[in-house]
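Observations on chain architecture
Spelled out, the chains give:
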Amino acid sequence: MENAEIAATFELIADILDLTDENPFKVRAYRTAARVIESRSEPLHKAVEEAADLTEIQGIGKEIAAKIAELVQTGRLGYLERIRREVPPGLFEILKLRGLGPKKTRKLWQSLGITTIEELEERARKGELAQLEGFGQKTEEKILKATADYRLLGARTLHFAAEPVVKALKKHLEGLPGVKQVEAAGSFRRQVETVGDLDILVIADQPYPVMERFTAFDQVASVESAGETRSTVILDSQLQVDIRVVPEKSFGAALCYFTGSKDHDIRLRKLAQEQGMRLSEYGLYRVEEGAPDPEADSLWVAGETEEELYAALGLSFIPPELRENRGEIEAARQGRLPALIEPGDIRGDLQMHSNWSDGRDPIETMLNACAALGYEYFAMSDHSKALAMAHGLDAARLRLQRQEMEEIAARYPEIRMLRSLEVDILADGSLDLEDEDLQELDLVVAAVHSYFDLPPARQTERIIRAISHPLVNILAHPTCRLINKRLPIQYDLEAVLQCAVEHRVAVEHNAQPDRLDLKDTQLMRARELGAMIVIDTDAHTAETLSHMRHGIAQARRAWLTRNDVLNTKPLADLMAALGKQPAV
DNA sequence: GCCGTTTTCGGCCCGACTGTTTTCAGTCG
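Residues numbered from 1 in each chain as written. Chains lettered and ligands numbered in written order. Predicted model: local features only at pLDDT ≥ 70, side-chain atom pairs only at ≥ 80, totals over all residues. Heavy atoms only, no water.

Some details on the state of the cysteines
Where two cysteines share a covalent bond between their sulfur atoms, that bond is called a disulfide. A full pass over the atoms with the stated rule returns 0 disulfides. Unpaired in terms of disulfides, Cys480 finds its nearest cysteine sulfur in Cys499, a separation of 16 Å. A relative accessible area of 1% means that Cys480 is categorised as buried. (Disulfide = S-S within 2.5 Å. Buried < 20%, exposed > 50% of the residue type's maximum accessible area, 1.4 Å probe, protein only.)

Below is the structure:
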């Protein structure tokens with residue numbers, strides 16, 4: 001059992017306890033445990049197998065340690081099975097609505113018997129909610145908006161969350177004799193930020209044993225269809241997985257076909273047609289009038305690899321990230337596809353947090369992790385004081401932090417640590433700290449963490465005011481979206497990007513897997529407008545510095561090259577581009 | 001439920017904001 005699954009189990013327990021009005025500190029203990037477990041790099045099941053003492057982990061005591069052991073050893077948890085009967089499952093969904101926490105959800109349930117989002121919406125429309133003690137007109141309106149928003153958010157799986165599933169499936173299938181290759185195609189391969197399902201492609205001599213093994217995968221909840229070369233299952237996580245077994249000769253064509261996108265595929269097939277050929281998932285064939293078998297070996301052109309397939313169509317190889325029919329086919333034909341940015345191009349990470357604010361690790365740990373990644377520089381950018389919950393820094397603590405940073409930096413000449421701060425943009429667009437404090441820093445990152453619902457015009461004004469401030473260098477997670485959780489804030493992005501260009505402020509692509517903000521299409525637009533772009537991880541732990549690759553993936557989808565991204569440059573060039581004095 | 005001790009109980013991060021109230025509960029970050 002993966003750490004993520006154990007963590008999800010404890011989150012569920014916390015929700016149930018919340019809804020049954022348990023001691024809030026007990027609830028918090030479960031949530032803390034869930035977070036601790038999820039952020040651990042080492043799998044807990046291994047620790048259990050080795051009979052390690054789990055209570056040595058901060059946040060895990062005797063009770064939770066025993067529950068982890070039970071989960072790992074039996075795959076179940078008696079305690080959870082007992083308490084989950086007390087709560088209708090629809091309430092967990094209601095809990096996810098913005099503005100509804102455990103108290104209000106419980107009240108709706110106990111007083112009005114509401115147990116589903118649909119019921120909630122209906123009763124709100126009838127005005128019944130406003131009658132409830134502690135509720136009112138405004139609350140009712142907010143709930144209606146929240147249910148509408150919830151529907152928009154959809155339920156696609158984060159690419160990040162699909163990764164371990166793909167990995168486990170590959171391992172599961174690759175162990176089978178006769179299996180030559182296993183690849184995930186579809187939107188997963190194109191690095192789309194979320195996936196609707198997974199498409200797995202397998203080369204094998206015998207399809208049947210592959211199918212048998214596939215449906216025996218331990219995460220399979222139900223088998224929707226199981227054919228000779230194609231099967232569909234639903235996993236415990238509700239993710240749908242399609243598998244397709246193809247012969248080696250067709251692998252390139254099949255991979256291309258199932259990678260898509262659909263529009264890209266259609267364009268390729270048309271292109272083949274124009275050249276007197278026919279493209280299918282089995283390969284590229286010459287068309288001959290009156291040929292008895294249109295897929296005869298004598299008509300075969302290409303299809304074992306994607307490279308030869310694209311070449312046969314007169315195209316240079318198109319990386320999967322670009323296959324969205326956004327002009328890539330024309331570019332490939334003319335040989336002017338961009339040389340996409342690669343993970344190794346990044347010279348430094350410009351946003352991360354230490355335990356001075358809401359990060360987990362000390363500055364020195366973060367420094368060492370950055371050095372291990374081969375970075376030449378990095379910026380430590382803890383939160384400012386407005387974010388009280390994150391233990392944001394005020395001027396006094398900022399000065400104290402500076403002392404610590406200087407002491408640490410002196411011991412690590414091999415990497416340059418930049419002093420930065422993720423300063424809050426307040427409601428009126430002013431910054432959370434005074435100029436005299438901010439100008440002590442090497443870089444100033446400005447970010448919105450509050451007042452997400454301002455009218456668009458005011459939101460635009462607010463952000464423009466903030467990035468017009470002469471000390472601001474980077475606008476962090478510009479739209480504040482959380483994929484599947486929070487919609488982007490509404491404002492005139494175009495105007496903000498133009499303002500950023502004017503004031504030499506870089507816009508961030510935040511590589512946190514549920515942010516990826518700006519998103520691919522917005523990044524493309526930012527580049528078109530001449531905005532400077534930085535990709536950073538906003539890491540809150542040393543391990544999550546590795547999330548850089550998710551940011552790179554989105555940048556590639558946005559057609560960005562190394563030259564388009566500021567933190568691929570040597571430090572002096574980066575600082576010059578931002579109009580800063582070269583850092584000493 | 002966890003943690004740390006002034007060890008076996010008592011505190012647990014907390015400020016801002018909203019909408020409901022008439023001094024505060026609930027939610028968010």
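A few points about the sheet that holds strand 4 (residues 197-204)
Strand order in the open sheet made by the 5 strands is 2-4-7-6-5, with mixed pairing throughout. In the strand order of this sheet, the two ends are held by strand 2 (179-184) and strand 5 (220-226), each with one partner. When the angles between neighbouring strand axes are averaged without regard to direction, this sheet yields 20°. Summarising the sheet, strand 6 (residues 230-235) and strand 7 (residues 240-246) pair through 5 bridges and their orientation is antiparallel. In the strand pairing of strand 7, Val233 is matched with Val241. (Pairing = 2+ DSSP bridges. Helix = DSSP H or I, 4+ residues; strand = E, 2+ residues; numbered from the N terminus. Axes fitted to C-alpha atoms, helices over the stretch in contact; angles between N-to-C directions.)

Comments concerning helix 20 (residues 456-468)
The end-to-end C-alpha distance of helix 20, which contains 13 residues, comes to 18 Å, matching closely the 18 Å that a straight helix rising 1.5 Å per residue would cover. Lining the buried residues of helix 20 we find strand 15 (474-475) and helix 21 (493-502). (Expected span 1.5 Å × (residues − 1). Contact = heavy atoms within 4.5 Å.)

Topic: the sheet that holds strand 8 (residues 277-280)
For sheets, the rule is that strands pair by backbone hydrogen bonds, running either parallel or antiparallel. Strand order in the open sheet formed by 3 strands is 8-9-10, with antiparallel pairing between adjacent strands. The strands lining the two open edges of the sheet, one partner per strand, are strand 8 and strand 10 (300-302). Taking each pair of neighbouring strands and ignoring which way they run, the sheet shows an average axis angle of 30°. As judged from the 2 bridges shared by strand 9 (residues 283-286) and strand 10, these two strands associate in the antiparallel manner. Within the sheet, the bridge partner assigned to Leu284 lies in strand 10 and is Ala302. Of the strands in this sheet, strand 8 and strand 9 touch helix 14 (residues 262-274), which is tilted by about 155° from strand 8.

With respect to unusual backbone geometry
The residue after Gly260, namely Ser261, is reached through a cis peptide bond having omega -5°. Turning to its location among the elements, Ser261 is positioned in the loop between helix 13 (251-259) and helix 14. With an omega dihedral of 0°, the bond running from Asp517 to Leu518 counts as a cis peptide bond. If you check the backbone angles, Arg504 has positive phi at about 55° while not being a glycine. Secondary-structure assignment places Arg504 in the loop between helix 21 and strand 16 (506-510). Residue classification places Arg504 among the partly exposed positions, given a relative accessible area of 42%. The phi dihedral of Leu516 falls on the positive side, at around 40°, and the residue is not glycine. Examined against the element boundaries, Leu516 turns out to sit in the loop between strand 16 and helix 22 (520-528).

A closer look at the packing of aromatic side chains
Each pair of aromatic rings is reported with the distance of its centres and the angle of its planes. Overall, the coordinates contain 5 aromatic pairs when judged by the stated rule. Residues Phe10 and Tyr30 carry aromatic rings whose centres are separated by 5.9 Å and whose planes lie at 35° to one another, so their mutual orientation is tilted. Here Tyr30 lies in helix 2 (residues 24-38) and Phe10 lies in helix 1 (residues 3-19), a separation of 20 residues in the sequence. By relative accessible area, Tyr30 is classed as buried at 6%. Centre to centre, the rings of Tyr285 and Trp300 are 5.5 Å apart; their planes meet at 80°, and the pair counts as edge-to-face. Of this pair, Tyr285 sits in strand 9 while Trp300 is found in strand 10, placing the two residues 15 residues apart along the sequence. Overall, the relative accessible area of 4% leaves Tyr285 in the buried class. What links up through ring pairs into an aromatic cluster is the set Phe10, Tyr30 and Tyr79. In this arrangement the basic side chain of Lys67 is found over the ring face of Tyr79, its NZ or CZ atom lying 4.4 Å from the centre. Directly above the ring of Phe135 sits Lys104, whose terminal nitrogen or CZ lies 5.9 Å from the centroid. (Phe/Tyr/Trp six-rings, centres within 6.5 Å; stacked < 30°, edge-to-face > 60°. Lys NZ or Arg CZ within 6 Å of the ring centre and 35° of its normal.)

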